[in-house]
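The primary structure of each chain is shown beneath.
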Amino acid sequence: MNESTQRRRTMIRGLLSLAAAAAFYQLVALSGYFPRVLLPTIPTVLTTLYDMLSDGSMLHHAAATLYRVLLGFALAISVGLPLGILMARFKPVENFFLPLVSALMPIPSFALVPLFMLWFGIGNLTTVLIVFYAATFPMLFNTWTGVRSVNPIWLRAAGAMGADEKRLFWKVIVPGASPFIITGMRQAFLRSWIAVVGAEMIAASDYGLGWVIFDSKEFLQTDIMMAALVVIGFIGYVFERVVFGSIERATVYRWGMVRMAKG
Amino acid sequence: MHHAATLDAHTAVGSDRLRAVARNAFPFVVVGTIWEVVARAGVFPRQLFPTLEDVARSLVDLTVSGILPHHAFETVLRLLSGFGLAAILGVGIGVLMGRSRRAEDIILPLVSILAPIPGLAYAPLFLLWFGPGELSAVLLVAFVSMFSIIFNSWTGVKAVKEIWLRSALAMGADDRRVFRHVILPGALPYILTGLRLGLAQAWRILVAVEMLAAVPWGLGWLIFGAREFLNTDAMMAGIVVIALIGLGLEKFVFQKIEHYTVVRWGMMEAMSRSP
């Protein structure tokens with residue numbers, strides 16, 4: 001059997017499997033064995049999704065969530081990246097921050113939600129800060145590891161060829177550490193995405209995909225829940241594949257640093 | 001330092017260690033001092049920004065009265081039962097996918113659709129389907145941590161070199177022996193990595209799950225409940241215990257597993273990934 005028939009078989013089986021799972025779900029939902037409100041049929045979910053998309057409410061929720069996650073993520077990068085580089089380049093900085101980071105890192109970001117709710121109230125500020133907290137550590141840790149793992153021979157070679165501090169930094173350290181930095185960004189975004197959904201559920205305001213899922217539980221609107229799940233999955237997929245995938249292609253692969261950590 | 005000459009090697013090592021401890025303690029002293037000064041200055045209400053003394057006192061009180069240990073015990077129990085379920089299912093499904101092309105074709109699309117959605121987003125759905133209590137919490141933790149276990153076990157089994165399988169078969173090993181002596185040891189580093197990732201995810205999600213689900217005990221519930229009564233000191237005490245458990249997992253489970261797989265199987269690229 002050659003490779004292309006094997007690939008076709010894989011695709012057919014995959015589609016069959018998805019179709020079978022959908023049909024099974026639909027049958028269970030229609031059977032009336034479980035209450036319809038808890039197990040909406042697939043057309044119901046799709047209709048709800050379409051309605052919410054066309055009246056703009058879903059876009060509003062998605063925009064609120066994206067605003068929080070991107071703001072928190074940007075903050076995390078602007079703190080984690082420089083601090084990681086400083087820690088790797090200067091021993092006193094490392095000595096001061098490493099114990100603190102090691103102590104804070106094992107605390108799950110959600111554990112801080114109640115505290116932040118007391119301090120900063122319910123709404124954007126708390127959610128953004130939770131995202132910031134969740135995303136900073138992977139960013140920081142990977143940058144730190146990346147800069148430290150820049151091959152000393154490259155540094156010495158560049159130094160011997162007369163590169164000054166600034167050129168050394170931009171031409172050797174940054175590209176050398178870039179696979180780790182990009183892995184860090186990727187991990188940081190993944191954490192942010194998880195954090196924002198959870199934080200929105202607990203420290204809810206009045207918009208956001210996490211909030212709408214949790215809120216519809218009160219009214220047994222399972223169809224809205226599932227529609228929001230679809231949107232969350234879609235946005236997560238777009239960021240993971242499209243955004244980070246193209247960043248990787250534009251930087252790491254182009255610079256020939258192919259020994260990437262497997263995402 | 002004229003004493004230095006008279007110090008024997010033993011105390012030299014001791015003072016080195018002392019210096020390391022002092023160096024590690026220094027940042028905490030700085031941060032603690034700043035915290036204490038801010039708390040005592042009364043910039044923020046004492047109730048919202050307790051002094052370290054208050055936090056320490058409520059940590060001791062809650063520990064002595066047995067409330068905090070009970071919360072911690074229930075949390076750890078929930079973590080272990082959810083993770084145990086995920087480990088059994090995840091390794092089972094992953095190995096099956098790695099061994100059988102048909103199983104891979106059927107399961108992979110389903111898993112790939114479910115996995116990218118943050119686990120917590122499923123929480124309300126689980127709470128509706130499986131009730132607001134313990135069952136939902138455990139199932140959700142299991143569900144969330146299962147995916148990285150599946151993916152890694154699957155990759156591990158697929159990473160077993162074809163030539164090992166063929167040589168084992170050529171030497172007359174039957175299917176069971178091949179599985180037991182070739183595939184399992186070959187895939188084990190990956191499986192362990194998957195388990196480590198799964199446990200870490202389970203831990204991160206569990207605290208939030210305990211806040212959302214109606215469970216009577218648990219550290220997540222403790223800190224969430226403390227908010228209602230503005231018991232910030234109890235909340236902080238809870239966070240300290242959460243940090244300690246997290247640190248314990250990190251030191252005694254994750255690093256051990258990493259060390260074991262890296263050293264034992266010589267997977268050095270995990271350590272020195274520098275190009």
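The rules we used
- Starting afresh in each chain, residues are numbered from 1 along the sequence in its written order.
- Chains and ligands are labelled by the order in which they are written, letters from A for the one and numbers from 1 for the other.
- Local features in this predicted model are restricted to residues of pLDDT 70 or higher, and side-chain atom pairs are both shown and tallied only at a pLDDT of 80 or more, whereas totals for entire chains, interfaces and linings draw on every residue.
- What counts as a helix is a DSSP run of H or I of at least four residues, what counts as a strand is a run of E of at least two, and both are numbered from the N terminus.
- Three exposure classes are used, based on other C-beta atoms lying within 10 Å of a residue's own C-beta, which is placed from the backbone: buried for 20 or more, exposed for 12 or fewer, and partly exposed in between.
- Throughout, a pair of residues is in contact if the C-beta atoms placed from their backbones lie within 7 Å.
- Radius of gyration here is computed from C-alpha atoms only, and the compact-globule reference equals 2.2 Å multiplied by the residue count raised to the power 0.38.
- To be clear, the arc concerns the directions from the helix axis to the C-beta atoms.
- Any nonpolar core is a set of buried residues, restricted to Ala, Val, Leu, Ile, Met, Phe, Trp, Tyr and Cys, that join up through C-beta atoms within 7 Å.
- Throughout, the edges of the domains are those of an automatic or database domain assignment.
- Note that Gly is not counted as nonpolar here; it falls among the polar residues with everything else outside the nonpolar set of Ala, Val, Leu, Ile, Met, Phe, Trp, Tyr, Cys and Pro and the charged set of Asp, Glu, Lys and Arg.
- Here pLDDT means the predictor's own confidence in every residue, given as a number from 0 to 100.
- For every element, the axis is a line fit to its C-alpha atoms; helices are fit only across the contacting stretch, and the angle between N-to-C directions ranges from 0 to 180 degrees.
- The labels follow the angle: roughly parallel below 35 degrees, roughly antiparallel above 145, roughly perpendicular from 65 to 115, and oblique for the rest.
- The handedness criterion is simple: a crossing whose near helix is rotated anticlockwise from the far helix by less than a right angle is left-handed, and one whose near helix is rotated clockwise is right-handed.

Novice: I tried to follow the overall build of chain B on my own but got confused; where do I start?
Specialist: Along the backbone of chain B there are ten helices and zero strands. Seen in sequence order, chain B has helices and strands lined up from the N terminus as α-α-α-α-α-α-α-α-α-α. By residue count, 36% of the 275 residues in chain B fall in the buried class. At a minimum sequence separation of 6, the contacts of chain B that also span at least 24 residues come to 72%.

Novice: How do you make sense of the overall build of chain A when you look at a structure like this?
Specialist: The helix and strand tally for chain A stands at ten helices and zero strands. Its C-alpha atoms give chain A a radius of gyration of 23 Å, clearly above 18 Å, the size a compact globule of 263 residues would have. With the C-alpha coordinates of chain A rotated into their principal frame, the extents come out at 75 × 65 × 30 Å. Each of the 263 residues in chain A was classed as buried or not, and the buried ones make up 39%.

Novice: Looking at this model, I keep getting lost on the environment of Y25 of chain A. Mind explaining?
Specialist: Take Y25 of chain A: it is sitting in helix α1 (residues 3–31). For Y25 of chain A, a count of 14 C-beta atoms within 10 Å translates into the label partly exposed.

Novice: Sorry if this is basic, but what is going on with helix α5 (residues 123–130) of chain B here?
Specialist: Since the α-helix packs 3.6 residues into each turn, any two residues three or four apart lie on the same face. Of all the positions in α5 of chain B, only A123, P124, F126 and L127 of chain B are classed as buried. When α5 of chain B is viewed along its axis, its buried side chains cluster within an angular range of 160 degrees and face the same direction.

Novice: How do you make sense of the nonpolar core when you look at a structure like this?
Specialist: Judged by nonpolar contacts, the single largest core of 128 residues is most densely connected at I130, V131 and A228 of chain A together with A123, V141, A202 and V209 of chain B. Top element by residues in this core is helix α8 (residues 165–202) of chain A. It accounts for 16 residues.

Novice: How should I be thinking about the domain arrangement of chain B in this particular structure?
Specialist: Bring the parts together and some accessible area is lost; that lost area is often taken as the interface size. By domain assignment, chain B separates into domain 1 (2–41) and domain 2 (52–270). A C-alpha centroid distance of 36 Å is found between domain 1 of chain B and domain 2 of chain B.

Novice: Looking at this structure, I do not really get unusual backbone geometry. What am I missing?
Specialist: The phi angle of most residues is negative, glycine excepted, and most peptide bonds adopt the trans form. For L220 of chain A, which is not a glycine, the phi torsion comes out positive at approximately 55 degrees. Following the sequence through the fold, L220 of chain A ends up in the loop between α9 (209–218) and α10 (222–253).

Novice: Hey, could you run me through the domain arrangement of chain A in this one?
Specialist: All names here are of chain A. Entries for chain A in the domain assignment read domain 1 (1–34) and domain 2 (35–253). Centre-to-centre, using C-alpha coordinates, domain 1 lies 33 Å away from domain 2. Across the contact, seven residues belong to domain 1 and six residues belong to domain 2. The residue makeup of the side of domain 1 that touches domain 2, split by class, is six nonpolar, one polar and no charged.

Novice: I'm lost on the confidence of the model for chain B in this one. Help?
Specialist: Segments scoring low in pLDDT should not have their predicted coordinates read at a detailed level. All names here are of chain B. Confidence in the prediction for chain B averages 83 pLDDT; 90% of positions are at 70 or higher. Every residue in residues 1–7 is under pLDDT 50, and counting partners more than four places away or in other chains gives one contact. Note on residues 267–275: pLDDT is under 50 here. Beyond four places in sequence and across chains, it has twelve contacts. Here the complex is predicted with pTM 0.84, and the ipTM for its interfaces comes to 0.80.

Novice: How should I be thinking about the packing of α8 of chain A against α9 of chain A in this particular structure?
Specialist: Residue and element names in this part refer to chain A. Contact geometry for α8 and α9: axes closest at 7 Å, N-to-C directions at 45 degrees. Relative to α9, the element α8 is oriented oblique. As for the relative orientation of α8 and α9, their crossing is right-handed in sense. In this structure, α8 uses V196, V197, G198, E200 and M201 to contact α9, whose residues at the interface are L209, G210, W211, I213 and F214. Looking at the contact of α8 with α9, its residues break down into seven nonpolar, two polar and one charged.

Novice: Would you take a moment to explain the environment of F189 of chain A for this structure?
Specialist: Residue and element names in this part refer to chain A. Here F189 lies in helix α8. Sequence separation of F189 and V113 is 76 residues, and the distance between their C-alpha atoms is 19 Å. For F189, the residues in contact, after removing those within four places along its chain, are F73 and F239.

Novice: What am I meant to see in the interface of chain B and chain A here?
Specialist: Tallying the contact residues gives 44 residues for chain B and 46 residues for chain A. Those elements that place two or more of their residues in the side of chain B that touches chain A are α1 (9–41), α4 (101–114), α5, α8 (175–212), α9 (219–228) and α10 (232–264) of chain B. Ranked by residue count, the leading element in the side of chain B that touches chain A is α10 of chain B, at eight residues. For the side of chain B that touches chain A, the class distribution of residues is 33 nonpolar, four polar and seven charged.

Novice: Would you mind going over the confidence of the model for chain A with me for this structure?
Specialist: Residue-level pLDDT values for chain A average 85, and 95% of them are 70 or greater. This stretch, residues 258–263 of chain A, has a pLDDT under 50; its non-local contacts, to residues over four places away or in other chains, come to nine contacts.

Novice: Is there a simple way to think about α9 of chain B in this case?
Specialist: Within α9 of chain B, seven of the ten residues are buried, which leaves it mostly tucked inside the rest of the structure. For α9 of chain B, the full list of buried residues reads L219, G220, W221, L222, I223, F224 and A226 of chain B.

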